[in-house]
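Per-entry structural report
Single-letter residue listing:
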Amino acid sequence: SKEEWEVDPDELTLGQEIGSGQFGLVLEGRWREMKVAVKMIREQCMSDEEFKEEARIMMRLSHCKLVQLYGVCTQRSPMCLVFELMKNGCLSNYLRTKKGHLSQDLMLRMCLDVTEGMAYLESSNFIHRDLGARNCLVSENNEVKVSDFGMTRFVLDDQYTSSQCSKFPVKWSAPEVIRYSKYSSKSDVWSFGVLMWEVYSEGRLPYENRSNGEVVESLNAGLRLLKPRLAPDAVYLLMEWCWKERPDDRPSFAALFYELNSLLTCEP
Ligand code: ADP
């Protein structure tokens, strides 16, 4: 029986390499007259069976500010995932490349794009779990879309999955995630605050010279990332709101969308 999410290998043409990540190589490709990005899943990197179950749900998540999953090709080894192609690559590299040439308007729109995608995930009760500029992608016309939502659940590398470990994204994680792995849309909001900081710092790494342990300590002491030079006060206030200790004190993505949108329309 053919599953709705199954991509027929005969319809998929593979092209040149465009990146590599946690799960393996990413290639440009063509599928049904569309340019696509194909993630080749390296052996033993992913819990395949669990992912296939989840792929159904992920394919139904469809929004203009989310990188669309078109389908999964399981008949090929390694298994590969077929996504919407984002010509300008990941947001963190894009910011670094455009350093010194990012307008206030563009930075605000980038943040707004992400809140729009995330507000959709929030309303779908879907938790991203690994939001950061590295997991957003930029389209040909500089639109930002959210990618890799929910995918950390299928990573088999132990170094990635526990907050005690080297690859865990501690610098983007809410305190309750670090302490008790308590993920929620509100922990995504915390990560979004760090993403906003990345945008207004033109792709710098947060807490650049500090270890994960030192970051945890300073968060516990109530310290937070400082205001980036390019961030207006109103934007930094939103970051601080995202970094409230208690999840309930943080805004929803719907509220963040409203707030950021009002800043956009207020601009001269
Ligand atoms: P992983 O989830 O395996 O860690 P990533 O999602 O980080 O992999 O992808 C690795 C790199 O491949 C990204 O940094 C980006 O440059 C490129 N890439 C991934 N997905 C796409 C896409 N849909 N369109 C264009 N480039 C992509």
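Residues numbered from 1 in each chain as written. Predicted model: local features only at pLDDT ≥ 70, side-chain atom pairs only at ≥ 80, totals over all residues. Heavy atoms only, no water.

1. Here's the deal with the overall build of the protein chain
- Scanning the protein chain from N- to C-terminus turns up nine helices and seven strands.
- In summary, the protein chain has a C-alpha radius of gyration of 18 Å against a globular reference of 18 Å for 268 residues, a match within 12%.
- Structurally, the protein chain occupies a C-alpha span of about 55 × 45 × 35 Å along its principal axes.
- Going through the 268 residues of the protein chain one by one, you find that 50% of them count as buried.
- Within the protein chain, contacts between residues separated by at least 24 positions form 64% of all contacts whose residues are at least 6 apart in sequence. (Helix = DSSP H or I, 4+ residues; strand = E, 2+ residues; numbered from the N terminus. Rg over C-alpha atoms; globule rule 2.2 N^0.38 Å. Buried < 20%, exposed > 50% of the residue type's maximum accessible area, 1.4 Å probe, protein only. Contact = heavy atoms within 4.5 Å.)

2. As for the layout of surface pockets
- Considered as a void within the structure, the largest pocket measures approximately 960 Å³ in volume.
- Forming the boundary of the largest pocket are 38 residues, of which Ser20, Cys90, Arg134, Asn135 and Asp148 lie nearest the centre.
- No other element matches strand 1 (residues 12-21), which puts four residues into the lining of the largest pocket.
- Looking at side-chain class alone, the lining of the largest pocket contains 17 nonpolar, eleven polar and ten charged residues.
- By volume, the second largest pocket amounts to about 360 Å³.
- Every residue lining the second largest pocket is counted, 19 residues in all, and those nearest its centre are Trp197, Ser201, Arg204, Leu225 and Leu226.
- For the lining of the second largest pocket, a count of residues per class yields eight nonpolar, three polar and eight charged. (1 Å grid on protein atoms, 1.4 Å probe; cavity = no way out; pocket = protein on both sides within 12 Å on 5 of 7 lines; lining within 4 Å. Points joined across faces, edges and corners; volume = space filled by probe spheres on them. Nonpolar A, V, L, I, M, F, W, Y, C, P; charged D, E, K, R; others polar.)

3. Some words on the packing of helix 3 (residues 104-123) against helix 6 (residues 185-200)
- One can describe the packing of helix 3 onto helix 6 by two numbers: an axis separation of 10 Å at closest approach and a directional angle of 165 degrees. With respect to their mutual orientation, helix 3 and helix 6 come out roughly antiparallel. Pair helix 3 / helix 6 crosses with right-handed handedness. The segment helix 3 lies against helix 6, with Gln104, Met107, Leu108, Met110, Cys111, Val114, Thr115, Met118 and Glu122 engaging Ser185, Asp188, Phe192, Leu195, Met196, Val199 and Tyr200.
- Class assignment of the residues belonging to the contact of helix 3 with helix 6 gives a composition of eleven nonpolar, three polar and two charged. (Axes fitted to C-alpha atoms, helices over the stretch in contact; angles between N-to-C directions. Parallel < 35°, antiparallel > 145°, perpendicular 65-115°, else oblique. Left-handed = near helix turned anticlockwise from the far one by under 90°.)

4. A short note on the environment of asparagine 88
- Relative to the helices and strands, asparagine 88 is located in the loop between strand 5 (80-84) and helix 2 (91-97).
- Counting along the chain gives 149 residues from asparagine 88 to leucine 237, while the straight-line C-alpha distance between them is 29 Å.
- For asparagine 88, the side chain forms a polar contact with the main-chain oxygen of glutamate 140, separated by 3.5 Å. (Polar contact = N/O pair within 3.5 Å; in protein donor to acceptor, adjacent residues only side chain to side chain.)

5. A look at the sheet that holds strand 2 (residues 24-31)
- Across the sheet, which stays open at both edges, the five strands sit in the order 1-2-3-5-4 with antiparallel pairing between neighbours. At either margin of the open sheet sits one strand with a lone partner, and together these are strand 1 and strand 4 (69-73). Each strand of the sheet is rotated relative to its neighbour by a mean of 30 degrees, with strand direction disregarded.
- By the bridge criterion, four bridges tie strand 4 to strand 5 in an arrangement that is antiparallel. Bridging across to strand 5, leucine 69 finds its partner in phenylalanine 83.
- Relative to the sheet, helix 1 (residues 48-60) contacts strand 4 and strand 5, its axis offset from that of strand 4 by approximately 155 degrees. (Pairing = 2+ DSSP bridges.)

6. Observations regarding helix 1
- Along its 13 residues, helix 1 runs 19 Å from first to last C-alpha, staying within 8% of the 18 Å computed at 1.5 Å per residue.
- At glutamate 54, helix 1 shows its strongest bend, of approximately 35 degrees.
- If you check which residues of helix 1 are buried, you get Phe51, Lys52, Glu54, Ala55 and Met58.
- Looking at the packing, one finds that the buried side of helix 1 touches strand 4 and strand 5. (Expected span 1.5 Å × (residues − 1). Bend = angle between axes of the 7 residues up to and from the residue.)

7. A word on the nonpolar core
- Counting residues in hydrophobic clusters, the biggest one holds 75 residues, and the most contacted among them are Phe51, Leu81, Leu91 and Phe192.
- Here the element with the most residues in this core is helix 3; it accounts for ten residues.
- If we ignore the near neighbours within four places in the chain, the residues touching leucine 81 are Ala37, Val38, Lys39, Ile41, Met46, Phe51, Leu69, Gly71, Val72 and Met151.
- If you look at the next biggest cluster of nonpolar residues, it comprises ten residues, including Trp31, Val36, Cys80 and Val82. (Core = buried A, V, L, I, M, F, W, Y, C linked by side-chain atoms within 4.5 Å.)

8. Some words on the pairing of strand 1
- In this sheet, strand 2 lies alongside strand 1 in antiparallel orientation, the contact comprising seven bridges. In the strand pairing of strand 2, glutamate 17 is matched with leucine 27.
- Taking the residues that link successive antiparallel strands as the turn, the strand 1-strand 2 hairpin has two residues.

9. Overview of the site of the ligand
- Around the ligand, the surrounding shell holds 17 residues, and the nearest of these are Gln22, Phe23, Glu84, Met86 and Asp148.
- Here lysine 39 contributes a side-chain N or O atom positioned 2.9 Å from an oxygen atom of the ligand.
- Glutamate 84 places a polar main-chain atom, nitrogen or oxygen, 2.8 Å from a nitrogen atom of the ligand.
- When the free accessible area of the ligand is taken as 550 Å², the share hidden by the protein chains comes to 87%.
- When atom positions are compared with the pocket grids, the ligand is found to occupy the largest pocket.
- Residue assignment for the shell around the ligand shows that the elements contributing at least two residues are strand 1, strand 3 (34-40) and strand 5.
- It is strand 1 that contributes the most residues to the shell around the ligand, four residues altogether.
- Among the residues making up the shell around the ligand, the classes are represented as ten nonpolar, four polar and three charged. (Near = heavy atom within 4 Å. Areas by Shrake-Rupley, 256 points an atom, 1.4 Å probe, with all protein chains shown as cover. Sits in = over half its atoms within 2 Å of the grid points.)

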